[in-house]
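Listed below are the residues making up each chain.
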Amino acid sequence: MSKSNSMLRLDKYLADLSVGTRTEVKQLIRKGRVMVNGNTIIVPETKVNSNQDRISVDGRELSYVHLEYYMLNKPAGVVSASNDKKQTTVVDLIEEAKRKDLFPVGRLDKDTEGLLIITNDGDLAHQLLSPKKHVDKVYFARLRDPLKKEDEEAFASGLTIDEEFTALPAVLKRVSEREAYVTIREGKFHQIKRMFEAVKNEVVYLKRISMGSLNLDENLSLGEYRELTEDEIKALRSSK
Ligand code: URA
């Protein structure tokens with residue numbers, strides 16, 4: 001938690017914690033329902049220190065959370081977005097979220113399952129998604145047709161997907177006749193599906209198993225999530 005950004009306006013503090021919209025929390029403050037260190041404060045612009053000040057609404061003390069990190073086992077049928085007018089998003093599934101600015105780190109297709117990190121840490125997301133960093137992502141894929149002998153070699157040498165995109169070398173590890181693990185170091189749109197199309201096959205089921213140092217927790221059923229541990233966050237920050 002950095003000290004440098006610990007001073008913020010009281011209305012932003014409350015809105016960040018989803019106490020209400022900015023307009024709603026301003027009203028709460030003006031009505032005298034908010035206390036800072038035991039004193040009623042009625043000016044929404046008042047600066048507070050999120051590391052030290054004790055803030056309460058209607059007598060209930062809040063605790064300010066700067067950054068949140070969750071691991072979600074994404075089910076099929078939800079979209080990788082923060083909000084959507086019509087469809088359920090991965091962020092909607094994080095029912096215990098304290099912050100309202102959470103987003104998924106990268107995207108999984110609507111029909112893809114598995115590991116998705118949900119956070120409001122933009123720096124970490126950038127680090128994990130930056131094309132320069134080449135963070136490994138491992139997927140489990142089930143295929144329409146049997147794998148061919150030459151597929152492994154084709155993935156390893158960098159598949160040409162179309163005129164604009166040649167995939168970086170990827171590792172294909174056969175699990176059974178129609179199942180494989182694939183490790184890629186980039187994250188282009190529909191990448192795994194397009195790689196199998198390039199070898200005349202088709203993905204019928206896809207699940208992400210890991211991202212950098214982080215493995216999907218096997219105790220999480222589809223749609224379940226948990227907070228990341230300090231060690232997992234630290235390891236992700238040094239992901240290469
Ligand atoms: N590759 C795909 O084709 N889809 C995903 O959701 C992720 C990787």
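Residues numbered from 1 in each chain as written. Predicted model: local features only at pLDDT ≥ 70, side-chain atom pairs only at ≥ 80, totals over all residues. Heavy atoms only, no water.

**Some points on the sheet that holds strand S2 (residues 34-36)**
Stage number 1. Taken together, the four strands give an open sheet; going across it, the order is S3-S2-S5-S6, and neighbouring strands pair in antiparallel fashion. Two strands bound the open sheet, and with one partner strand each, they are strand S3 (39-40) and strand S6 (60-61).
Stage number 2. With three bridges connecting them, S2 and strand S5 (residues 55-57) associate as antiparallel partners. Counterpart to Val34 in the pairing with S5 is Val57. (Pairing = 2+ DSSP bridges. Helix = DSSP H or I, 4+ residues; strand = E, 2+ residues; numbered from the N terminus.)

**Here we look at unusual backbone geometry**
Stage number 1. The phi dihedral of Ser18 is positive, around 60°, even though this residue is not glycine.
Stage number 2. Under the relative-accessibility criterion, Ser18 is labelled partly exposed at 41%.
Stage number 3. Despite not being glycine, Asn37 shows a phi value in the positive range, around 50°.
Stage number 4. Following the sequence through the fold, Asn37 ends up in the loop between S2 and S3. (Buried < 20%, exposed > 50% of the residue type's maximum accessible area, 1.4 Å probe, protein only.)

**Here we look at helix H5 (residues 191-198)**
Stage number 1. Counted residue by residue, H5 has six buried out of eight residues, so it is predominantly covered.
Stage number 2. Looking only at H5, the buried set comprises Gln191, Ile192, Lys193, Arg194, Met195 and Phe196.

**Digging into the environment of Ser82**
Stage number 1. When you line up the elements, Ser82 lands in the loop between strand S7 (69-74) and strand S8 (103-104).
Stage number 2. In sequence terms Ser82 and Asp92 are 10 residues apart; their C-alpha atoms lie 7.5 Å from each other.
Stage number 3. With residues up to four places along the chain from it excluded, the contact list for Ser82 reads Thr89, Val91, Asp92, Leu102, Phe103 and Pro104.
Stage number 4. Within the local environment of Ser82, its side chain forms a polar contact with the backbone oxygen of Leu102, the two atoms lying 3.1 Å apart. (Contact = heavy atoms within 4.5 Å. Polar contact = N/O pair within 3.5 Å; in protein donor to acceptor, adjacent residues only side chain to side chain.)

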